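Spelled out from the first residue to the last, the chains are:
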Amino acid sequence: MNRADSPHTAFKQLPVVDVSGLFATDMTQRKATAAVLDNATRDAGFLYLTGHGISEAAMAGLKGCARAFFAQSEAEKQRSYIGNSANHSGYVPMGEERFYNSDEIDAKEAFDVGFELQNPALARPMLGANQWPEQEGFREGVTHYYNQVLALSKVLFKGFALALGLPEHTFVQHVNQPATQLRLIHYFHNPEQTHDQPGIGAHTDYEFFTILLPTSPGLQVLNGAGEWIDAPIVPGAFVVNIGDLMEVASNGQYVATTHRVKAVSEERYAFPMFCNLDYDTEVKPLAQLTQDQPPRYPTVICGEHLFAQTIQTFQYLQARLQSGEITLPDGAMALSSFGHATSNDVSAAAQVRPCN
């Protein structure tokens, strides 16, 4: 990988940004906070987020739901298998998700939920009514957390718009029935596993940005010098990182940062919320950000990019692709077409190859 053109600094720790000012009624205060957010994003593409306003009760409720669900037998969890859904919701067993068709299996399991769509006419491959387990209180606890963090994501969409010098509503006007996903991830600890076996292999996130609630260490972030930097737990803070689609919309002013979860030394849970715009939203370099530099990225459809990337990493979707039940969206791009690894000219990125 060519790290020479990475816009990120050789940071040794993630910056901390207090975003409480984004909730202020005074625009001057919101812009001042957005400027701090902008600096951290340009430097690292990853940051700790404080002053977010998410209740401890909502976070504790989500953690309790996850622990109870993953403590069940494999047979019980498989009753909610994600491959039974039409909108990519449900249980993800170990080995279901693999990056780059790798034979290496991440030591994790997960449960995925999305925006709870009320209008079936708007259903899409990654958007619809969620598949919920029968576990008492699971749907209520997960939904309560999802709704709180969805509200926070709208505040951050406004903050990122201001940070880029755009009208505050630029992104948030397209957050109505968003292709925003919440993952409940359980990382296994096996004292006999090799130190090199990852919790999650190196990747960038597909969406605009991610709001992560971790419970223990394990996350590592690639800095601008090509070094893996640990991201320890900061009590009360979320971890936020830039994804592919924000890189596109900002015309490369913000760049998706490669990250991974190393082999964990203890049982670990993590709860990333992958924040997106509405499914059919066209995403391309914004006109206001292409005046000094021509557009460097192709136009993509928000939900279709998410679907194309997901097809390439989930075994059940690859099986559907090979059987002809589904097809890749037009212009689908290969994994890691954004971020450090492709910093020269992403507009010329290769189209995705068929999954074998």
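In case you missed it, the structure is sitting above this.
From a predicted model like this one, the values you see are computed outputs, not experimental measurements.

> Explain the side chain of Gln131 to me, please; I cannot follow it from the model alone.
You can see Gln131 is positioned in the loop between β4 (108–113) and α4 (138–163). Reaching out from Gln131, the side chain makes a polar contact with the backbone oxygen of Tyr81 at a distance of 3.2 Å.

> Just to check I follow, could you spell out α4 for this structure?
The periodicity of an α-helix, 3.6 residues per turn, causes residues three or four places apart in sequence to face the same way. A rise of 1.5 Å per residue sets the reference length of α4, with its 26 residues, at 38 Å; its end C-alpha atoms lie 37 Å apart and thus fit the reference within 8%. In the stretch just after α4, Gly165 is the one whose phi turns positive, near 75°.

> Sorry, what's going on with the packing of helix α2 (residues 56–70) against α4 here?
For any two helices packed against each other, the geometry comes down to the angle between their axes and how far apart the axes lie. Packing of α2 against α4 brings their axes to within 9 Å, and their N-to-C directions diverge by 140°. With respect to α4, the element α2 is oriented oblique. Classified by chirality, the crossing of α4 by α2 is left-handed. Contacts between α2 and α4 pair Ala58, Met59, Leu62, Cys65 and Phe69 from the former with Phe138, Gly141, Val142, His144, Tyr145 and Gln148 from the latter. Residues belonging to the contact of α2 with α4 are distributed by class as follows: 8 nonpolar, 3 polar and no charged.

> Where do I start with the side chain of Glu207 in this structure?
Relative to the helices and strands, Glu207 is located in the loop between β6 (200–203) and β7 (209–214). Here Glu207 is buried and forms no salt bridge, its nearest opposite-charge partner Arg183 lying at an N-O distance of 8.7 Å. Those residues in contact with Glu207, other than ones at most four positions away along the chain, are Gln181, Gly243, Asp244, Leu245, Met246, Phe274, Cys275, Asn276 and Leu306.

> Could you clarify how one ought to interpret the packing of aromatic side chains in this entry?
Aromatic ring pairs are defined here through the distance separating the ring centres and the angle between the ring planes. Inspection of the entire model under this criterion finds 15 aromatic pairs. Aromatic pair Phe157 and Phe171: ring centres 6.0 Å apart, planes at 50°, arrangement tilted. Residue Phe157 is located in helix α4, and its partner Phe171 is located in the loop between α4 and β5 (181–187); the two are separated by 14 residues in the primary sequence. By relative accessible area, which is 3% here, Phe171 ends up buried. Between the aromatic rings of Phe160 and Phe209, the centroid separation amounts to 5.3 Å while the plane-to-plane angle is 45°, which identifies the pairing as tilted. Taken together, the positions of Phe160 in helix α4 and Phe209 in strand β7 put the pair 49 residues apart, joining distant regions of the chain. Considered together, Phe160 and Phe209 belong to a single accessibility category, that of buried residues. Chaining the aromatic ring pairs together yields one cluster made of Phe69, Phe70, Tyr91, Phe111, Trp132, Phe138 and Tyr269.

> Help me understand the sheet that holds strand β12 (residues 268–275), please; the structure alone is not making it clear to me.
In a beta sheet, neighbouring strands are held together by backbone hydrogen bonds and run either parallel or antiparallel to one another. Reading across from one edge, β1-β2-β10-β7-β12-β5-β4-β3 is the order of the 8 strands in this open sheet, with mixed pairing throughout. What marks the edges here is a single partner per strand, and that holds for β1 (16–18) and β3 (90–92). Neighbour-to-neighbour, the strand axes of this sheet turn through a mean angle of 25°, independent of strand direction. Pairing between β5 and β12: 5 bridges, direction antiparallel. Paired with Gln181 across the strands is Phe274, a residue of β12. Relative to β7, α4 is tilted by about 135°, and along the sheet it contacts β2 (46–50), β4, β5, β7, β10 (238–242) and β12.

What counts, and where the lines are drawn
Residues numbered from 1 in each chain as written. Predicted model: local features only at pLDDT ≥ 70, side-chain atom pairs only at ≥ 80, totals over all residues. Heavy atoms only, no water. Helix = DSSP H or I, 4+ residues; strand = E, 2+ residues; numbered from the N terminus. Polar contact = N/O pair within 3.5 Å; in protein donor to acceptor, adjacent residues only side chain to side chain. Expected span 1.5 Å × (residues − 1). Axes fitted to C-alpha atoms, helices over the stretch in contact; angles between N-to-C directions. Parallel < 35°, antiparallel > 145°, perpendicular 65-115°, else oblique. Left-handed = near helix turned anticlockwise from the far one by under 90°. Contact = heavy atoms within 4.5 Å. Nonpolar A, V, L, I, M, F, W, Y, C, P; charged D, E, K, R; others polar. Buried < 20%, exposed > 50% of the residue type's maximum accessible area, 1.4 Å probe, protein only. Lys, Arg positive; Asp, Glu negative; His and termini not counted. Salt bridge = Lys/Arg side-chain N within 4 Å of Asp/Glu carboxyl O. Phe/Tyr/Trp six-rings, centres within 6.5 Å; stacked < 30°, edge-to-face > 60°. Pairing = 2+ DSSP bridges.

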